[in-house]
Amino acid sequence: MNLVERLTDFSSRFSGRQKAIAGGVAVVLVAGGAIGGTIALTGGGDDTVAVIASPPVTSASPTPTPTPQPKPKPKPKPKPKLVNPLTGIGAPPKGPVIGVKIDDTGNGRPQRGIDRADIVYIEQAEGGLTRLLAVFATHKPTVEAVRSVRASDPELLSQYGPIALVASGGGGDSLPTLHKSIVHGVINDAGGPGFSRDGGRGAPYNLTSNLSEVSRAIHSGGSKDIGFDWKAKPGLGATPKASSVHTVVGGTPVTFDWSPRLGRYVRSIDGSQQHAASGALISTPNVIVQYCSVSVNRGDVDVTGNPSQYTHSVGHGRVAVFRNGHRIEGTWSRLAKTTGTKLLDKHHKPITLAPGGAWVVLVANGAPLSTS
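Given the structure is predicted, the values throughout are model-derived calculations rather than measurements.

Conventions we followed
- Residues numbered from 1 in each chain as written.
- Predicted model: local features only at pLDDT ≥ 70, side-chain atom pairs only at ≥ 80, totals over all residues.
- Heavy atoms only, no water.
- Helix = DSSP H or I, 4+ residues; strand = E, 2+ residues; numbered from the N terminus.
- Buried < 20%, exposed > 50% of the residue type's maximum accessible area, 1.4 Å probe, protein only.
- Contact = heavy atoms within 4.5 Å.
- Areas by Shrake-Rupley, 256 points an atom, 1.4 Å probe, with all protein chains shown as cover.
- Pairing = 2+ DSSP bridges.
- Axes fitted to C-alpha atoms, helices over the stretch in contact; angles between N-to-C directions.
- Phe/Tyr/Trp six-rings, centres within 6.5 Å; stacked < 30°, edge-to-face > 60°.
- Polar contact = N/O pair within 3.5 Å; in protein donor to acceptor, adjacent residues only side chain to side chain.
- Salt bridge = Lys/Arg side-chain N within 4 Å of Asp/Glu carboxyl O.

(A) Expanded view of the overall build of the protein. Of regular secondary structure, the protein possesses five helices and 24 strands. Looking at the protein residue by residue over its 372 residues, the buried ones come to 44%. For the protein, long-range pairs separated by at least 24 residues make up 61% of all intrachain contacts whose partners lie at least 6 apart in sequence. A total of about 18,900 Å² of accessible surface is found on the protein, and carbon and sulfur atoms cover 56% of it.

Structure, rendered in structure tokens:
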């Protein structure tokens, strides 16, 4: 029985007025839908009719699902700017890295092009004399006087990767050792490119090498990290001042004097500042005195019977670094031939070098070192 029928049956018991009211309610309920609550029908007197309406019927509207917003992609971190690993200045140089053996005696001075090198090593040769092993990457000048290779040179240079080594020749086991290494030999005696003779000097101190010509002729390794950390701000703390450096390589005194005006250490010999053939002062922002084991190499003996000295550059030992007029004591370590040389201070933190290159003085363990 529907709602209208039920109301009609129910209202048959009402008076005429009650019926009229109930009929009206039925029409309203049917036409307007169910109305919640109770409607009282009265016809006078005490007659009251209560009409109970059905609960309202409602249609639930679905809650809209929020559209997920895509998360913004994080901005990529900027890549660190690459710098020249051999000087700490400018971008890494293009082209091959070239090491050159250069005379370091009075007959070979003034050396040509030495002021353009990125890194220069002072090492023992034989008879207490020294030779220079200069590394060029940023600049490729003409250099003089080119001399012969030593058996320890490939070990020292292998940390630079498969670079080139320019030399006049080599005695004993020197050239075989070079040929077995990753270093590419450019040898005058073997007809290598870029060599010529300077008519203004006597042999063997007049051999030159045009490194630009060598660069075009060979395909060897480019610049790579050799373990040095470059930083303009020194953070020297309580390190002592050092206006001069005095040590000995073999039987040869080595001295550098700090120039506040230049902000560099100037090499001096017998009290005189050294100049390159161009007139430029031979100077550097960093002097690294590296203590190494040095042994006699019987496989390479010169014409006067003096055996060559082998400087061991793989291992670890004491180091003293001079920069900004200060002295920093620490240790050096190099695990293998193909790895770089790390410099750490007494707190085991990296010793940073002033940008601009360095001279590395390879001294024997126990060699004297003084400053003033």
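(B) Main features of the environment of Ile-226. Summarising the element assignment, Ile-226 is placed in the loop between helix 5 (211-217) and strand 11 (229-230). With residues up to four places along the chain from it excluded, the contact list for Ile-226 reads Leu-86, Gln-159, Tyr-160, Gly-340 and Thr-341.

(C) How the structure looks around unusual backbone geometry. Backbone torsion omega between Arg-109 and Pro-110 reads -5 degrees, so that peptide bond is classified as cis. Relative to the assigned elements, Pro-110 resides in the loop between strand 3 (98-103) and strand 4 (119-124). In this structure, the amide linkage connecting Glu-144 to the following residue, Ala-145, adopts the cis form with an omega of 0 degrees. Not every positive phi belongs to a glycine, and Asp-270 is a case in point at roughly 55 degrees.

(D) Seen up close, the pairing of strand 13 (residues 252-259). Most of strand 13 is tucked away, with six of its eight residues classed as buried. Summarising the sheet, strand 12 (residues 244-249) and strand 13 pair through six bridges and their orientation is antiparallel. Paired with Val-245 across the two strands is Phe-256, which belongs to strand 13. Taken together, strand 12 and the strand that follows it, strand 13, pair antiparallel across an intervening segment of two residues, in which Gly-250 is found at a positive phi of about 65 degrees. Both strand 13 and strand 14 (residues 264-269) contribute to a ladder of five bridges, which runs antiparallel. Among the inter-strand pairings, Ser-259 is bridged to a residue of strand 14, identified as Arg-264. Hairpin connection between strand 13 and strand 14: a loop of four residues separates the two successive antiparallel strands, and Gly-263 in this loop has a positive phi of roughly 70 degrees.

(E) Representation of the sheet that holds strand 10 (residues 207-210) in the model. The strand order 6-10-9 describes an open sheet built from three strands, whose pairing is antiparallel. Each of the sheet's edge strands pairs with one partner strand only, and the pair in question is strand 6 (142-144) and strand 9 (195-197). The mean inter-strand angle of the sheet, taken between neighbouring strand axes irrespective of direction, is 30 degrees.

(F) Region of the structure containing the environment of Thr-331. Within the element layout of this structure, Thr-331 appears in strand 20 (residues 326-334). Overall, Thr-331 belongs to the partly exposed group, its relative accessible area being 40%. For the pair Thr-331 and Tyr-291, spaced 40 residues apart in the sequence, the C-alpha separation amounts to 9.0 Å.

(G) Focus on the packing of aromatic side chains. Scanning the entire structure with this criterion turns up four aromatic pairs. Both rings, one in Phe-228 and one in Trp-230, keep their centres 6.2 Å apart while their planes meet at 75 degrees; by these two values the pair is edge-to-face. Here Phe-228 falls in the buried class, since its relative accessible area comes to 8%. Ring centres 6.4 Å apart and planes at 75 degrees place the aromatic pair Tyr-265 and Phe-322 in the edge-to-face group. With Tyr-265 in strand 14 and Phe-322 in strand 19 (residues 315-323), this pair connects stretches of sequence that are 57 residues apart. Overall, Tyr-265 belongs to the buried group, its relative accessible area being 0%. Counting every residue linked through ring pairs, the aromatic cluster contains Trp-258, Tyr-265 and Phe-322.

(H) The side chain of Ser-168, seen in detail. If you trace the backbone, Ser-168 turns up in the loop between strand 7 (164-167) and helix 4 (174-180). At a separation of 3.1 Å, a polar atom in the side chain of Ser-168 contacts the main-chain amide nitrogen of Ser-148. In contact with Ser-168, not counting residues within four places along its chain, are Val-146, Arg-147, Ser-148, Ile-187, Asn-188, Asp-189 and Leu-207.

(I) Representation of the pattern of salt bridges. Enumeration over the complete set of coordinates arrives at eleven salt bridges. With its nearest N and O atoms 3.5 Å apart, the salt bridge here joins Arg-318 to Glu-329. In this pair, Arg-318 is assigned in strand 19 and Glu-329 in strand 20, connecting sequence segments eleven residues apart. The partly exposed category is assigned to Glu-329, whose relative accessible area is 31%.

Everything listed is a geometric property; what it means functionally is a separate question.
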